Amino acid sequence: MDIVANTLLAAGASPAMIHSLAEIPDFTPQAQALCVNVGTLSPSWVPAMKSAAELMVKLGKPWVLDPVAAGASGFRLNACLALVGVKPTVIRGNGSEIIALSSVSCSIKGVDSAHGSMDALEAAKSLARASGSIVAVSGAVDVVTDGNRVVAAHNGVPMMQKITATGCAVTALIAAFVALDPSHPLEATASALSVFCIAGELGMDLAKGPASLRMHLIDSLYGLDEAALLSRVRITDL
Ligand SMILES: Nc1ncnc2c1ncn2[C@@H]1O[C@H](COP(=O)(O)OP(=O)(O)OP(=O)(O)O)[C@@H](O)[C@H]1O
Ligand SMILES: Cc1ncsc1CCO
Ligand SMILES: [Mg+2]
């Protein structure tokens, strides 16, 4: 929750971390986008997540799902599948999570991925077609698809995997980007992944290891300007 909220603040967005079902009717209509993250899921949170997602759909606003460790337990997988049924605008996971959600058999080793993003490309396309969501798979190359078109975002550094919840943070950043451009969710998703990964590259130039990268990534995101972005961004069609 810390790195997610601070990533959003550094990017100029305004985070609010909400769990209680009692607050959904008052709070959700004020949000321009919703990010649902099942990382530390407990049973009482599931109705709040579903209710918030349903309200966003009713209001015609975007919502984004991070299916953390989706295949690691039946409880998580069922909760994630129920949330996919509420039509997320975007689903962003690592390779193992997208493969699990797409019902292709796979082995899970916890919240980290045992699969590269390219291993999950076909799973991502079929999940996008079945759900109607944009599906993004993070990894050395981030892939984003609507089920037909596939784009790849090539920025980032491997050390980002050594900071917990960089994936969660970039999912929240995707929600912020989709809020600004709701009619282009694929482009907004690829852009958010690129921006976050370029901040990682700039941060890595100053970092000594994961803890200082975490700090420098957030500082670099805060200070990122158009010139640095345009000189580094690498998004291609696949
Ligand atoms: N090998 C890599 N090279 C470059 N960038 C990477 C690499 N691996 C991950 N990233 C970037 O790190 C960020 C987190 O992606 P990752 O796939 O590790 O998410 P995740 O497994 O869901 O992480 P978490 O569960 O800790 O939140 C993404 O922005 C991704 O682009
Ligand atoms: C380590 C961890 N456990 C539950 S959520 C989370 C953050 C990375 O997804
Ligand atoms: Mg994750």
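- Per an unreviewed UniProt entry, the protein chain goes by hydroxyethylthiazole kinase and derives from Linum tenue.
- Under the UniProt heading Catalytic activity (unreviewed entry), the note attached to the protein chain is "5-(2-hydroxyethyl)-4-methylthiazole + ATP = 4-methyl-5-(2-phosphooxyethyl)-thiazole + ADP + H(+)".
- Quoted verbatim from the Cofactor (unreviewed entry) field of the UniProt record, the comment on the protein chain reads "Mg(2+)".

What to know about the overall build of the protein chain
Then comes step 1: Across its full length, the protein chain carries 10 helices and 7 strands.
Then comes step 2: Summarising its shape, the C-alpha atoms of the protein chain cover approximately 45 × 40 × 35 Å along the three principal directions.
Then comes step 3: Burial status across the protein chain gives 49% buried among its 238 residues.
Then comes step 4: If you take every contact in the protein chain between residues at least 6 apart in sequence, the share linking residues at least 24 apart comes to 64%.
Then comes step 5: Here the protein chain displays about 10,800 Å² of accessible surface, and carbon together with sulfur accounts for 56% of that area.

Comments concerning the site of ligand 1
Then comes step 1: Neighbouring ligand 1 are 19 residues, the closest being Asn94, Ser138, Asp142, Ala165 and Gly167.
Then comes step 2: Asparagine 94 places a polar side-chain atom, nitrogen or oxygen, 2.8 Å from an oxygen atom of ligand 1.
Then comes step 3: Separating an oxygen atom of ligand 1 from a backbone N or O atom of alanine 165 is a distance of 2.9 Å.
Then comes step 4: Protein contacts shield 93% of the accessible area of ligand 1, which totals 620 Å² for the unbound molecule.
Then comes step 5: Elements with a contribution of two residues or more to the shell around ligand 1: β3 (90-94), α7 (166-180) and α8 (185-204).
Then comes step 6: The dominant element in the shell around ligand 1, judged by the number of residues it contributes, is α7, at 3 residues.

Here's the deal with the sheet that holds strand β5 (residues 142-145)
Then comes step 1: Here we have 7 strands laid out as an open sheet, ordered β1-β2-β3-β4-β5-β6-β7, and mixed in their pairing. Every other strand in the sheet has two partners, leaving β1 (34-37) and β7 (235-237) as the edge strands with one partner each. When the angles between neighbouring strand axes are averaged without regard to direction, this sheet yields 20 degrees.
Then comes step 2: Direction of pairing for strand β6 (residues 150-153) relative to β7: antiparallel, over a ladder of 3 bridges. Residue pairing across strands places valine 151 opposite aspartate 237, the latter belonging to β7.
Then comes step 3: In the packing of helix α3 (residues 45-59) onto the sheet, the strands contacted are β1 and β2 (63-66), and the crossing angle to β1 comes to about 155 degrees.

Description of the pattern of salt bridges
Then comes step 1: The tally for this structure, following the rule as stated, stands at 7 salt bridges.
Then comes step 2: Arginine 92 is paired through a salt bridge with aspartate 66; the nearest N and O atoms lie 2.7 Å apart. Pair noted here: arginine 92 is in strand β3 and aspartate 66 is in strand β2, with a separation of 26 residues, a long-range link.
Then comes step 3: For aspartate 66, a relative accessible area of 0% corresponds to the buried category.
Then comes step 4: In this structure, arginine 232 and aspartate 205 form a salt bridge, with 3.7 Å as the shortest nitrogen-oxygen distance. Of the two residues, arginine 232 is situated in helix α10 (residues 226-232) and aspartate 205 in the loop between α8 and α9 (210-223); the sequence distance between them amounts to 27 residues.
Then comes step 5: For arginine 232, a relative accessible area of 30% puts it in the partly exposed group.
Then comes step 6: Taking the relative accessible area as the measure of exposure, aspartate 205 reaches 58% and is therefore exposed.
Then comes step 7: One salt-bridge network, in which partners are shared between bridges, spans Arg149, Glu187 and Asp237.

Reading the values: rules and limits
Residues numbered from 1 in each chain as written. Chains lettered and ligands numbered in written order. Predicted model: local features only at pLDDT ≥ 70, side-chain atom pairs only at ≥ 80, totals over all residues. Heavy atoms only, no water. UniProt positions renumbered as here; feature names shortened; annotations may be inferred. Helix = DSSP H or I, 4+ residues; strand = E, 2+ residues; numbered from the N terminus. Buried < 20%, exposed > 50% of the residue type's maximum accessible area, 1.4 Å probe, protein only. Contact = heavy atoms within 4.5 Å. Areas by Shrake-Rupley, 256 points an atom, 1.4 Å probe, with all protein chains shown as cover. Near = heavy atom within 4 Å. Polar contact = N/O pair within 3.5 Å; in protein donor to acceptor, adjacent residues only side chain to side chain. Pairing = 2+ DSSP bridges. Axes fitted to C-alpha atoms, helices over the stretch in contact; angles between N-to-C directions. Salt bridge = Lys/Arg side-chain N within 4 Å of Asp/Glu carboxyl O.

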